[in-house]
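Each chain, letter by letter, is given below.
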Amino acid sequence: MLASLVALVVEFVACSGSGNGRAQAGGSTITVGVTKVVRKSLGRQITLSSELVPFQEIDVYAKESGYVKKLYVDYGTRVKVGQVMAILEIPELEAQLQEDQAGIKNAMNQVSRAESELKRYGAQYQALHLEYTRLNGVFETQPGIVAQQEVDDAQGKDLAAASQVDAGKASLEATQSQLSVAQAKLAHDQTLFDYAKITAPFEGVITERYANLGTLVQAGTGSSTQAMPIVRLSQDDLFRLVIPVPESYVRYIHVGDHVDVRVPSLSRTFPGKVARFSVDVREDTRTMHTEVDVENSQRVLLPGLYADAELAVEQKGDVATVPVQALNREGDKATVFVVHTDGELEERAVQLGLQTAGDAEIISGLKEGEQVVVSDRSGLKAGEKVHPQTVAVMQYQEEKAQ
């Protein structure tokens with residue numbers, strides 16, 4: 001979308017009072033309106049319109065199915081991150097938690113029993129191992145006092161006791177594993193039960209409420225079409241303005257560029273900046289998806305408000321310029337009528353740079369301070385003597401792009 005232009009108004013009053021910008025002075029010299037070549041900053045802007053939308057907006061669903069037990073928010077309620085907005089009643093999970101706690105208690109009893117058994121096996125092993133060690137020592141140092149059969153019996157009992165200790169350790173490890181499983185199950189079910197508290201994932205305002213007390217809400221997971229959100233939450237301290245930038249201006253868009261966001265309904269302009277863009281041009285519209293972030297700390301802006309984004313697409317500082325009405329164009333070439341100090345006209349070719357609605361940059365062909373004709377130039381010829389008179393030139397004005 002390109003800005004439409006409002007026609008130029010050239011204010012010029014000749015010595016003779018002629019209204020067409022040219023007059024006869026002394027019967028032969030033509031009076032023409034002129035202005036000087038000056039240096040200034042030039043810039044082009046593009047104005048694109050769109051609607052303000054919240055930076056984030058989501059429908060909040062329940063993780064688990066349940067009945068709405070408490071509802072703490074309504075339309076317009078402001079919430080902070082982590083604030084509880086609703087609590088669900090989930091009888092099945094409550095019963096499951098009780099079962100899990102009973103399972104943990106039973107597993108802990110099994111562990112205690114296995115620890116006691118292991119201690120008993122350990123004590124038996126210590127006694128039998130000591131008995132075998134003593135008998136074997138006497139048998140080796142004092143032959144004939146202790147029979148070989150007694151030593152072998154003591155050794156068998158020692159090995160059997162050691163096996164019982166190993167079995168007790170294995171049994172303890174098994175019961176400890178069962179306790180860990182029971183504890184993990186409780187943690188899992190407790191996590192699911194904690195989803196009964198519906199909290200705010202970010203700071204914002206409630207813009208829709210879908211549920212009432214006692215409403216049965218289905219879990220918002222899977223492909224169930226029966227799932228219903230509880231509320232809609234919008235972040236209203238920051239807004240996005242999504243604008244389609246025409247292909248011809250894409251090269252001028254950069255992240256961080258300042259944007260003036262004008263909201264006609266509020267008669268105010270807000271500062272914004274280019275935050276992100278898609279880095280590609282859509283084939284159907286030949287535009288690039290661009291997003292402008294607009295701060296709304298005072299909560300003045302509202303979702304859906306119509307806004308105009310004014311983007312500076314090209315800027316140059318301290319360049320030689322002339323009004324666009326001083327230019328004579330023929331194809332790609334441009335010339336101007338220069339009035340010398342002796343009043344003689346010269347038609348001079350110029351090279352143009354940046355052009356705005358009212359001015360054109362002169363890259364070459366003119367110097368600062370030279371006078372150029374800006375009034376009606378029909379009938380003027382190079383070498384002709386004229387009487388220059390400085391006039392005020394009103395600039396083109398841009399209307400809002402549609």
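Quick summary incoming for the structure in this document.

Thresholds, definitions, all that
Residues numbered from 1 in each chain as written. Predicted model: local features only at pLDDT ≥ 70, side-chain atom pairs only at ≥ 80, totals over all residues. Heavy atoms only, no water. Helix = DSSP H or I, 4+ residues; strand = E, 2+ residues; numbered from the N terminus. Buried < 20%, exposed > 50% of the residue type's maximum accessible area, 1.4 Å probe, protein only. Contact = heavy atoms within 4.5 Å. Areas by Shrake-Rupley, 256 points an atom, 1.4 Å probe, with all protein chains shown as cover. Pairing = 2+ DSSP bridges. Core = buried A, V, L, I, M, F, W, Y, C linked by side-chain atoms within 4.5 Å. Salt bridge = Lys/Arg side-chain N within 4 Å of Asp/Glu carboxyl O. Phe/Tyr/Trp six-rings, centres within 6.5 Å; stacked < 30°, edge-to-face > 60°. Lys NZ or Arg CZ within 6 Å of the ring centre and 35° of its normal. Polar contact = N/O pair within 3.5 Å; in protein donor to acceptor, adjacent residues only side chain to side chain. Axes fitted to C-alpha atoms, helices over the stretch in contact; angles between N-to-C directions. Parallel < 35°, antiparallel > 145°, perpendicular 65-115°, else oblique. Left-handed = near helix turned anticlockwise from the far one by under 90°. Nonpolar A, V, L, I, M, F, W, Y, C, P; charged D, E, K, R; others polar.

1. Some details on the overall build of the chain
Alright, step 1. Scanning the chain for helices and strands turns up two helices and 24 strands.
Alright, step 2. Considering the chain as a whole, with its 402 residues, one finds that 37% of them fall into the buried category.
Alright, step 3. When contacts within the chain are restricted to residue pairs at least 6 apart in sequence, long-range pairs at least 24 apart make up 75% of them.
Alright, step 4. Accessible surface, the chain: about 22,500 Å² in total, of which carbon and sulfur atoms supply 50%.

2. Observations concerning the sheet that holds strand β9 (residues 197-199)
Alright, step 1. Across the sheet, which stays open at both edges, the four strands sit in the order β9-β8-β6-β11 with antiparallel pairing between neighbours. Looking along the sheet, the strands with just one partner apiece sit at the ends: β9 and β11 (216-217).
Alright, step 2. When strand β8 (residues 84-89) meets β9, the two strands line up antiparallel, connected through three bridges. Across the sheet, residue V84 finds its bridge partner in β9, namely T199.

3. A short note on the nonpolar core
Alright, step 1. Core analysis: the biggest nonpolar cluster contains 24 residues, and L52, L241, I243 and L311 have the highest contact counts within it.
Alright, step 2. If you list the elements that add at least two residues to this core, you get β4 (38-54), β13 (238-246), β14 (258-263), β15 (268-277), β16 (287-295) and β17 (306-323).
Alright, step 3. Excluding residues within four positions of it along the chain, L311 makes contact with R44, Q45, I46, I243, I253, V259 and V274.
Alright, step 4. A62, V73, F202 and I230 belong to the second largest nonpolar core, which has 21 residues in total.

4. Here's the deal with the pattern of salt bridges
Alright, step 1. In this structure the tally under the stated criterion is 20 salt bridges.
Alright, step 2. When the shortest N-O distance is used, the salt bridge between E247 and R286 registers 3.1 Å. With a gap of 39 residues between them, E247 in the loop between β13 and β14 and R286 in the loop between β15 and β16 connect regions that are remote in the sequence.
Alright, step 3. For R286, a relative accessible area of 37% corresponds to the partly exposed category.
Alright, step 4. The salt bridge involving R262 is made with D308; its shortest N-O contact spans 3.0 Å. Of this pair, R262 sits in strand β14 while D308 sits in strand β17; the two residues are 46 residues apart in sequence, bridging distant segments of the chain.

5. Remarks on the sheet that holds strand β7 (residues 78-79)
Alright, step 1. On the basis of which strands lie adjacent, the open sheet formed by four strands has the order β5-β12-β10-β7 and antiparallel pairing. For this open sheet the edge positions go to β5 (57-60) and β7, each flanked by a neighbour on one side alone.

6. A word on the pairing of β8
Alright, step 1. The pairing of strand β6 (residues 66-71) with β8 spans four bridges and is classified as antiparallel. Following the sheet pairing, K70 is matched in β8 by I87.

7. Points about the packing of aromatic side chains
Note on aromatic pairs: each is described by the distance of the centres and the angle between the planes.
Alright, step 1. One pass over the full model with this rule turns up zero aromatic pairs.
Alright, step 2. Seen from the ring of Y195, K63 lies directly overhead, with NZ or CZ sitting 5.7 Å from the centre.
Alright, step 3. Of note, R240 hangs over the ring of F55, and the distance from its end group to the ring centre comes to 4.1 Å.

8. What about the side chain of D308?
Alright, step 1. Of the residues examined, D308 reaches a relative accessible area of 0% and is grouped as buried.
Alright, step 2. One polar contact links D308 to S49, side chain to side chain, over a distance of 2.6 Å.

9. Some points on unusual backbone geometry
Alright, step 1. Located in the positive-phi region is S267, a residue other than glycine, with phi close to 55 degrees.
Alright, step 2. Structurally, the position occupied by S267 is in the loop between β14 and β15.
Alright, step 3. Phi is positive for R299, close to 60 degrees, though the residue is something other than glycine.
Alright, step 4. Assignment of secondary structure puts R299 in the loop between β16 and β17.

10. A word on the pairing of strand β3 (residues 29-36)
Alright, step 1. Buried residues dominate β3, accounting for six of its eight residues.
Alright, step 2. Pairing between β3 and strand β23 (residues 386-390): five bridges, direction parallel. In the sheet register, V34 faces β23, and the bridge partner there is T390.
Alright, step 3. Sheet topology places β3 next to strand β22 (residues 371-373); three bridges connect them, and they run antiparallel.

11. Quick look at the environment of K105
Alright, step 1. Topologically, K105 is positioned in helix α1 (residues 91-141).
Alright, step 2. Sequence-wise, K105 and L179 are 74 residues apart; in three dimensions their C-alpha atoms are separated by 8.5 Å.

12. Brief notes about the environment of F202
Alright, step 1. Mapped onto the fold, F202 is located in the loop between β9 and β10 (204-209).
Alright, step 2. For F202, a relative accessible area of 9% corresponds to the buried category.
Alright, step 3. Along the primary structure F202 and E57 are separated by 145 residues, whereas in three dimensions their C-alpha atoms are 9.7 Å apart.
Alright, step 4. Apart from residues lying up to four places away in sequence, F202 is in contact with Q56, E57, I58, V79, V81, L233, S234 and Q235.

13. With respect to the environment of V34
Alright, step 1. You can see V34 is positioned in strand β3.
Alright, step 2. A residue is classified by how much of its surface remains accessible, and V34, at 0% relative accessible area, is buried.
Alright, step 3. Between the C-alpha atom of V34 and that of V374, which follows or precedes it by 340 residues, the distance is 5.3 Å.
Alright, step 4. Here V34 is in contact with V339, Q371, V372, V373, V374, P388, Q389, T390 and V391, once residues within four sequence places are set aside.

14. What about the packing of α1 against helix α2 (residues 148-194)?
Alright, step 1. Between α1 and α2, the shortest axis-to-axis distance is 7 Å and the interhelical angle comes to 165 degrees. As summarised for this structure, α1 and α2 are arranged roughly antiparallel, according to the angle between their axes. The two elements α1 and α2 meet at a crossing, and its hand is left-handed.
Alright, step 2. By residue class, the composition of the contact of α1 with α2 is 25 nonpolar, 18 polar and nine charged.

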